[in-house]
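So you can see what is in the structure, the chains are spelled out below.
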Amino acid sequence: MSISFVTETPKKELPSIHEANKQSNQVVFDTKQLNLWYGDTHALKEVDLLIYEKEITAIIGPSGCGKSTYLKTLNRMVELVPTVKISGNITYKNKDILDRSFKVEELRTLVGMVFQKPNPFPKSIYDNVAYGAKIHGIRNKKILDEIVERSLKGAALWDEVKDRLKENAYGLSGGQQQRLCIARTLAIEPDVILMDEPTSALDPISTSKIEELIQTLKKDYSIIIVTHNMQQAARISDRTAFFLNGEVVEYDKTEKLFSNPNDKRTEDYITGRFG
Amino acid sequence: MKLMDPSKMQARMHRRIYQNNILKYIFLLATLFGLVVLATLIIRVLNDGLGWIDFNFLTGRLSNDAERAGIMGAILGTFWLMVVVAPVTLIVGIGTAIFLELYLKKGKAQSFIQTNISNLAGVPSIVYGILGLTIFVRLMDMGNIVLAGGLTLSLLVLPIIIVAAQEAIRAVPSFLTEASYGMGATKWQTIKNIILPAALPGMLTGAILALSRAIGETAPLTVIGIPALIIPFPSGITDKFTALPMQIYYWTLDSSLVAEYANLAAATIVVLLLLLFILNSTAIFIRNKFQQRY
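Computed from a predicted structure; not experimentally measured.

### Here we look at the side chain of Thr91 of chain A
Residue and element names in this part refer to chain A. As for its placement among the helices and strands, Thr91 is situated in strand β4 (residues 84–92). Owing to a relative accessible area of 19%, Thr91 belongs among the buried residues under this scheme. With sequence-adjacent residues up to four places away left out, Thr91 is seen in contact with Val28, Phe29, Asp30 and Asp96.

### With respect to the interface of chain A and chain B
Facing the 22 residues of chain A at the interface are 17 residues of chain B. Approximately 1700 Å² of surface area, both sides summed, lies buried where chain A meets chain B, with 67% of it carried by carbon and sulfur atoms. At the junction of chain A with chain B, the criterion picks out zero salt bridges. Counting the contacts that link chain A with chain B gives four residue pairs in polar contact (both at pLDDT 80 or more). Of all the elements in the fold, those that place two or more residues in the side of chain A that touches chain B are α3 (104–110), β6 (111–114) and α4 (125–135) of chain A. When grouped by side-chain class, the residues that make up the side of chain A that touches chain B number twelve nonpolar, five polar and five charged.

### Regarding the nonpolar core
Residues and elements named next belong to chain B. Ranked by internal contacts, the top residues of the largest apolar core, which has 49 residues, are Leu81, Leu221 and Trp251. When contributions to this core are tallied by element, the ones reaching two or more residues are α3 (72–103), α5 (125–139), α6 (146–170), α8 (187–216), α10 (244–253) and α11 (260–290). Per-element accounting of this core gives the leading share, ten residues, to α11. What Trp251 contacts, discounting residues up to four positions off in sequence, is Phe57, Leu62, Ala69, Gly70, Ile71, Tyr261, Leu264, Ala265 and Thr268.

### A closer look at the environment of Leu76 of chain B
Within the secondary structure, Leu76 of chain B is located in helix α3. Along the chain, Leu76 of chain B and Thr89 of chain B lie 13 residues apart, while their C-alpha atoms are 20 Å from each other.

### A short note on the packing of helix α7 (residues 174–182) of chain B against α8 of chain B
All names here are of chain B. As a packed pair, α7 and α8 sit with axes 10 Å apart at the nearest point and diverge in direction by 135 degrees. The orientation of α7 with respect to α8, classified from their angle, is oblique. The two elements α7 and α8 cross, and the hand of that crossing is right-handed. Between α7 and α8, the contacting residues are Leu176, Thr177, Ser180 and Tyr181 on the first element and Lys187, Thr190, Ile194 and Ile195 on the second.

### Considerations on the sheet that holds strand β3 (residues 56–60) of chain A
Residues and elements named next belong to chain A. Strand order in the open sheet made by the six strands is β6-β7-β8-β3-β9-β10, with mixed pairing throughout. The open sheet has two edge strands with one neighbour each: β6 and β10 (247–253). Geometrically, the sheet is characterised by an average inter-axis angle of 15 degrees between neighbouring strands, direction not taken into account. Relative to strand β8 (residues 222–226), strand β7 (residues 192–196) runs parallel, the two being bridged by five bridges. Each bridged residue has a counterpart across the sheet, and for Met195 the counterpart in β8 is Ile225.

### Overview of the packing of aromatic side chains
The description of two aromatic rings rests on the distance between their centres and on the angle between their planes. A complete count under the given rule lists seven aromatic pairs over all chains for this structure. Each ring, one from Phe242 of chain A and one from Tyr269 of chain A, has its centre 4.9 Å from the other, and the planes form 25 degrees; the classification is stacked. One end of the pair, Phe242 of chain A, is in strand β9 (residues 239–244); the other, Tyr269 of chain A, is in helix α11 (residues 264–270), with 27 residues separating them in the sequence. Summarising the burial analysis for this pair, Phe242 of chain A and Tyr269 of chain A share the class buried. A centroid spacing of 6.4 Å and a plane angle of 40 degrees characterise the contact between Trp251 of chain B and Tyr261 of chain B, whose relative ring orientation is tilted. Of this pair, Trp251 of chain B sits in helix α10 while Tyr261 of chain B sits in helix α11, and the two are ten residues apart along the sequence. Overall, the relative accessible area of 5% leaves Trp251 of chain B in the buried class. The aromatic ring of Tyr103 of chain B is capped on one face by Lys187 of chain B, whose charged end is 5.1 Å from the ring centroid.

### Quick look at the sheet that holds strand β5 (residues 95–96) of chain A
The pairing of strands in a sheet comes from backbone hydrogen bonds and takes either a parallel or an antiparallel form. Residues and elements named next belong to chain A. Across the sheet, which stays open at both edges, the four strands sit in the order β2-β1-β4-β5 with antiparallel pairing between neighbours. Each edge of the sheet is formed by a strand with only one pairing partner; in this case those strands are β2 (41–52) and β5. Sheet topology note: the β4/β5 ladder contains two bridges and is antiparallel. Within the sheet, the bridge partner assigned to Thr91 lies in β5 and is Asp96. Helix α2 (residues 67–74) contacts β1 (27–38), β2 and β4 of the sheet and is inclined by roughly 120 degrees relative to β1.

### Side note on the pairing of β8 of chain A
A regular strand places its side chains so that they alternate between the two faces of the sheet. Residues and elements named next belong to chain A. A large share of β8 lies buried, amounting to five of its five residues. Inspection of the sheet shows β3 paired to β8 by four bridges, in the parallel sense. Following the sheet pairing, Thr57 is matched in β8 by Ile224. Tracing the backbone out of β7, into helix α8 (residues 204–217) and back to the parallel element β8 gives a crossover that is right-handed.

### Re unusual backbone geometry
Residues and elements named next belong to chain A. If you check the backbone angles, Glu46 has positive phi at about 45 degrees while not being a glycine. For Glu197, which is not glycine, the phi torsion reads 45 degrees and is therefore positive. Structurally, Glu197 is set in the loop between β7 and α8.

### Considerations on the environment of Ser281 of chain B
Residues and elements named next belong to chain B. Here Ser281 lies in helix α11. According to the relative accessible area criterion, Ser281 is partly exposed, its value standing at 31%. As a C-alpha pair, Ser281 and Tyr25 span 256 residues in sequence and 30 Å in three-dimensional space. Within polar-contact distance, the side chain of Ser281 engages the backbone oxygen of Phe277 at 2.6 Å.

### Section: the pairing of β10 of chain A
Burial analysis of β10 of chain A places five of its seven residues in the buried class, which makes it a mostly covered element. Between the end of β9 of chain A and the start of β10 of chain A, which pair antiparallel, lie two residues, with Asn245 of chain A showing a positive phi angle near 50 degrees.

### Describing a nonpolar patch on the surface
Taken together, the side chains of Tyr25, Leu28, Leu29, Leu32, Leu35 and Val36 of chain B make up a nonpolar region of the molecular surface, amounting to roughly 590 Å² of accessible area. When you line up the elements, Leu29 of chain B lands in helix α1 (residues 6–49).

Rules of the game
The numbers attached to residues start from 1 for each chain and follow its sequence in the written order. Chain letters and ligand numbers both follow the written order, the letters beginning at A and the numbers at 1. Where totals are concerned, whole chains, interfaces and linings use all residues; where local detail is concerned, this predicted model gives features only for residues with pLDDT of at least 70, and gives and counts side-chain atom pairs only at 80 or more. Water and hydrogen atoms play no part in the side-chain values, which are based on all heavy atoms of the structure. We count a stretch as a helix when DSSP gives it H or I for four or more residues in a row; a strand needs E for two or more, and each element gets its number in order from the N terminus. The buried label applies to any residue whose accessible area, calculated with a 1.4 Å probe on protein chains only, is under 20% of its type's maximum; exposed applies above 50%, and partly exposed to all values in between. Residue contacts follow a heavy-atom distance rule, with two residues in contact if any of their heavy atoms lie within 4.5 Å. Buried area: the sum, over both parts, of the accessible surface (1.4 Å probe) that disappears when the two are put together. When a carboxyl oxygen of Asp or Glu lies within 4 Å of a side-chain nitrogen of Lys or Arg, that pair is called a salt bridge. Polar contacts here mean pairs of N or O atoms no more than 3.5 Å apart (in protein, one a potential hydrogen donor and the other a potential acceptor; neighbouring residues in sequence count only if both atoms are side-chain atoms). The classification used treats Ala, Val, Leu, Ile, Met, Phe, Trp, Tyr, Cys and Pro as nonpolar, Asp, Glu, Lys and Arg as charged, and all other residues, Gly among them, as polar. The set of buried Ala, Val, Leu, Ile, Met, Phe, Trp, Tyr and Cys residues whose side-chain atoms join them within 4.5 Å is what this entry labels a nonpolar core. Angles here are taken between N-to-C directions and fall from 0 to 180 degrees, while the axes themselves are lines fitted to C-alpha atoms, restricted in helices to the stretch in contact. In what follows, roughly perpendicular refers to angles from 65 to 115 degrees, roughly parallel to angles under 35, roughly antiparallel to angles over 145, and oblique to any angle outside these ranges. Should the near helix be turned anticlockwise from the far one by less than a right angle, the crossing is left-handed, and should it be turned clockwise, the crossing is right-handed. We call two strands paired when DSSP finds no fewer than two bridges between them. Aromatic pairs are defined between Phe, Tyr and Trp rings, using the six-membered ring for Trp, whenever the two ring centres lie within 6.5 Å; interplanar angles under 30 degrees are classed as stacked, those over 60 as edge-to-face, and all others as tilted. To sit over a ring, a charge needs its Lys NZ or Arg CZ within 6 Å of the ring centre and within 35 degrees of the ring normal. Here is how to tell: hold the view so the strands point away, follow the path from the first strand over the helix to the second, and if it runs clockwise the crossover is right-handed. Only residues whose relative accessible area exceeds 30% and that form no salt bridge are eligible for patches; like-charged ones are grouped when within 9 Å, while nonpolar side chains (Val, Leu, Ile, Met, Phe, Trp, Tyr) are grouped when within 5 Å. A 1.4 Å probe and the Shrake-Rupley method give the accessible areas. Residues count as covered only by the protein chains that appear here.

Okay, structure coming up:
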């Protein structure tokens, strides 16, 4: 028998919210004491959140509560705002993503994003999906073809567009455009997909198609979705975080949060008393 | 109780409609002022010059004899000027616009540079002529060749191209650039694949309009000392030259000596206007044809 003399470093005391959410799934994002300012506006205050792998995490809250800001911090898109200041910690699989040495280009390949308004490029359907692969240096036509087909199938769009891949993406309907944007994100083979109110610009039928799609994507991806629509959060997510004025008021399993919230403010919000 | 008294409203109605009609005619007059002056100019120029435009006039060499004078030298001079001005302004102008819009952080330095560029666009062209004379003709000792004239004109129109290119870049919707950044593209990849294709029609339109401004400029060329009479055709950017507006200027100046020079000037104006018309039409064509819609 060999004895190792590794001294255990004492674990840092985690805030209680972390304790409450411990379970078997791996943690992808660990956010600790995250503060964010736009100029003088304090947009995120002491946010602590654990996001789990291969789950759908919903973020709800009234307009201006910081939910989109938090989402955009996870792939550092928030840095496109010049006045932004961030303090605190976010680790992605134990790597500090706010560290300058973590290249945003790498982070955004691991953490893809789908936006509120469908935003395909004014290019062909094929070129939209192939864009990510191309910027990462893939030139081989056969590989690109395969990536495009697989991504479009993954986004449940292949059957609708396979005969017109060379047509401009703006000929698609709004719902199809949004699924194209999802396909485009799948094409960079990310680990996590961030969705910023992906159905808010869509009609109910397109919305339900996207929701179905999100459910199937859960098998392979960790999904974080910001939504205005509480029913949507209740329908599709495993966990829900309720943001208010830049703070996380409550974070729990979705059934628990919607059936038996701990905080009075959560209850008021989900029962439609404000927001 | 109604707060608006219907009978008083009725009384005012007449006046309001009258005012409406009067203003329509005032605006019409304002439009007519420009149109009438322009039409007069064109009619006079065509009247004086059209009869003088023939094959010999377009292809001939300059001459003191009005009957034998041709403007091929000036046409070639203008052509070689454009060979210098077009690439210099496009590359430097679009490069500057990309740096200012996409790389330089918003702040004091940025707004200082921006203000200066806007001011430079309003500096009288003769000042650029003096700048060109000092730097290119004398300091760099080029003499009054095409290159010196072209660089001077480039300086003159650069602010116009920069501002046009900046506006074209700003008009690219942020949701497109965000989508590109969101997939891990670098700034340059986003510029090359997304921003430039979307902004290029606007940039080219601005560039062509700036070129047509450069073609018509006379003052800076007079300052750098473009002579009145050059017999050999310029065959490259290092040759001495004259240009269409210079030719118009000198012929108009000398029309008190030889009356026919006024007709030659008018004929040259027709050629110059035609050239500008073609350039501007190209600009409009490019804008309409390649503009992307989202």
